[in-house]
Amino acid sequence: MQTNFTEAQLANPEIAVANDILRTCVHCGFCTATCPTFVTLGDELDSPRGRIYLIKDMLENNRPAAEEEVLHIDRCLSCLSCMTTCPSGVNYMHLVDHARVHIENTYRRPLADRFLRNALAKILPYPKRMRAALALARLGKPFAFLLPGQTMFFRRLRAMLNLAPEKLPPPQSLGGTVHKAAGETKGRVALLAGCAQQAIAPSINNATISLLNRLGIEVVIPAAAGCCGALAHHMGRHADALAAARRNVAAWSAEKLDAIIVNTSGCGTVLKDYGFLLRNDAMAAQAAEISAKTKDISEYLLKIYEPTQPSPGVKVAYHAACSLQHGQQISAPPKLLLRKAGLTVVEPKDPHLCCGSAGTYNIMQPEIASALRRRKLDTLKAKSPDVIAAGNIGCLTQLAGDGIPTIHIVELLDWMAGGAKPAALSIRHSRASGDLLEEPLN
Ligand code: SF4
Ligand code: SF4
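Owing to the predicted nature of the structure, the values given are computational and were not obtained by experimental measurement.

> When you look at the packing of helix α2 (residues 13-24) against helix α7 (residues 92-106) in this model, what are you seeing that I'm missing?
Axes are the key here: two packed helices are described by the angle between their axes and the distance separating the axes. α7 packs onto α2 with a crossing angle of 135° between their chain directions and a minimal axis gap of 9 Å. Judged by the angle between their axes, α2 and α7 are oblique. Crossing of α2 against α7: the hand is left-handed. Packed against α2, whose contacting residues are Glu14, Ile15, Ala18, Ile21 and Leu22, the element α7 presents His94, Leu95 and His98 at the interface. Of the residues assigned to the contact of α2 with α7, the class counts are five nonpolar, two polar and one charged.

> It is not clear to me how the layout of surface pockets should be interpreted in this structure. Could you clarify?
Rolled over the atoms, a probe with the dimensions of a water molecule shows which regions are left empty. Approximately 1000 Å³ is the volume found for the second largest pocket. If you go around the second largest pocket, you meet 40 residues; those closest to its centre are Ile200, Ala201, Ser203, Thr406 and Ala424. At the level of secondary structure, the elements contributing two or more residues to the lining of the second largest pocket comprise α12 (202-214), α23 (393-399), β9 (406-408), α24 (409-415) and β10 (427-429). When residues in the lining of the second largest pocket are grouped by element, the largest group, six residues, is from α12. Partitioning the lining of the second largest pocket into residue classes produces 24 nonpolar, nine polar and seven charged.

> What's the story with the sheet that holds strand β8 (residues 387-390) in this structure? I'm lost.
Pairing between the strands of a sheet is mediated by backbone hydrogen bonds and can be parallel or antiparallel. In space, the four strands of this open sheet follow the order β7-β6-β8-β9, with parallel pairing throughout. Either end of the sheet is taken by a strand with one partner, and the two such strands are β7 (344-346) and β9. Ignoring which end each strand starts from, the neighbouring axes of this sheet average 35° apart. Examined bridge by bridge, strand β6 (residues 315-318) and β8 share three bridges and lie parallel to one another. Pairing of Tyr318 across the sheet is with Ala389, part of β8.

> Where do I start with the site of ligand 2 in this structure?
Surveying the vicinity of ligand 2 reveals 13 residues, the closest of which are Cys35, Arg51, Cys76, Cys79 and Cys82. For the shell around ligand 2, the elements supplying multiple residues, two or more each, are α3 (36-41), α4 (48-60) and α6 (81-85). Among the residues making up the shell around ligand 2, the classes are represented as nine nonpolar, three polar and one charged.

> Can you help me understand unusual backbone geometry in this one?
The general pattern is negative phi for most residues beyond glycine and trans for most peptide bonds. Positive phi, close to 70°, is recorded for Leu80, a residue that is not glycine. Relative to the helices and strands, Leu80 resides in the loop between α5 (67-74) and α6. One non-glycine residue with positive phi stands out, namely Gln329, at about 55°.

Cut-off values and rules
- Residues numbered from 1 in each chain as written.
- Chains lettered and ligands numbered in written order.
- Predicted model: local features only at pLDDT ≥ 70, side-chain atom pairs only at ≥ 80, totals over all residues.
- Heavy atoms only, no water.
- Axes fitted to C-alpha atoms, helices over the stretch in contact; angles between N-to-C directions.
- Helix = DSSP H or I, 4+ residues; strand = E, 2+ residues; numbered from the N terminus.
- Parallel < 35°, antiparallel > 145°, perpendicular 65-115°, else oblique.
- Left-handed = near helix turned anticlockwise from the far one by under 90°.
- Contact = heavy atoms within 4.5 Å.
- Nonpolar A, V, L, I, M, F, W, Y, C, P; charged D, E, K, R; others polar.
- 1 Å grid on protein atoms, 1.4 Å probe; cavity = no way out; pocket = protein on both sides within 12 Å on 5 of 7 lines; lining within 4 Å.
- Points joined across faces, edges and corners; volume = space filled by probe spheres on them.
- Pairing = 2+ DSSP bridges.
- Near = heavy atom within 4 Å.

Right under this line is the structure:
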């Protein structure tokens, strides 16, 4: 694609990167067919190619973002399915990240929008605040249907209440803890504990630590490490995202580590991009090292995992989180591990399509998220699974409450290697009816 930036514009390193990306696009349109928003809405401006044109025009003309660009770029899930499809290697992720920063810096959103985005940014990255918010949301959940559907603000509020879990698990506080390997120590890793994950499903971190320890790996969670910055990053809050990245890079660089383990693939994609995010920073070299050391839990387990339990005869529908399959290009390892653990693995039709979770997308774009959720659940349930498994808490929350338990793959792997049986395997519940049916699977 031809671009028309001036020499002065190209002197800005961010614009220079955007220019390089834009020039690799040959407008072939292959990406449109695999873009969930184009598939759902059918509008070229809600396709990767359409968004690329919008971003190009906005940046080349060096003008503030307009309502049309904000509408279509906000609708992008950042699922990165387009990057997997693109034959030219267009780095859409860095382009849309840059566009989001430009929007944040130049566009004044309506008051209700600003209020909600600020509230999410002040709550979600902090597990204690998140837990308190979830407790409140659970109280409001039975009355969510009373919220008027005419305005987007109330529809978003309703979506937020509907996402609150039926039960709130005990609080988890892992910062500053070290978990020794059982027997001989064969490795030492840091675990990114995740923000929402600690509040919604602490069992995922417990299973990760217990499994790694039994495999001879010491796990450390430095007190100074915290939120990965993904939420701020995807909202275009560049300074906040950089601050989070610097804090984590400093915390992990102070430890002697073989790897930084991530069991929330949405966060993993951002950690693996710290090297790029901080490329012009004093911490650039350290950030690149941390990115290189970052491993999704499925990647790390591939060489060391050994099941010890007999096959339980459970059929698992594997849902590939976009951040894992597109953001990190990790597709086979989770399925190989589940099969090695003795579980039957099935996959839905169109596994490349997003479930609609995408960070705060299921709150901010409730209609599109809901359509994608329904589509994903229908294709998963068509395989008649006992359980739906994924490697990302966002997807698990999005797909929960439709009669099939949702569970992180690491909980299944831990169970099959001598760990506790996941509690979710004993409960089927319905989001629609609110019924909670105790129904053991095995
Ligand atoms: S597939 Fe790649 S090169 Fe083709 S239009 Fe999409 S982004 Fe551009
Ligand atoms: S990131 Fe996903 S939603 Fe956004 S343009 Fe690419 S495929 Fe479409």
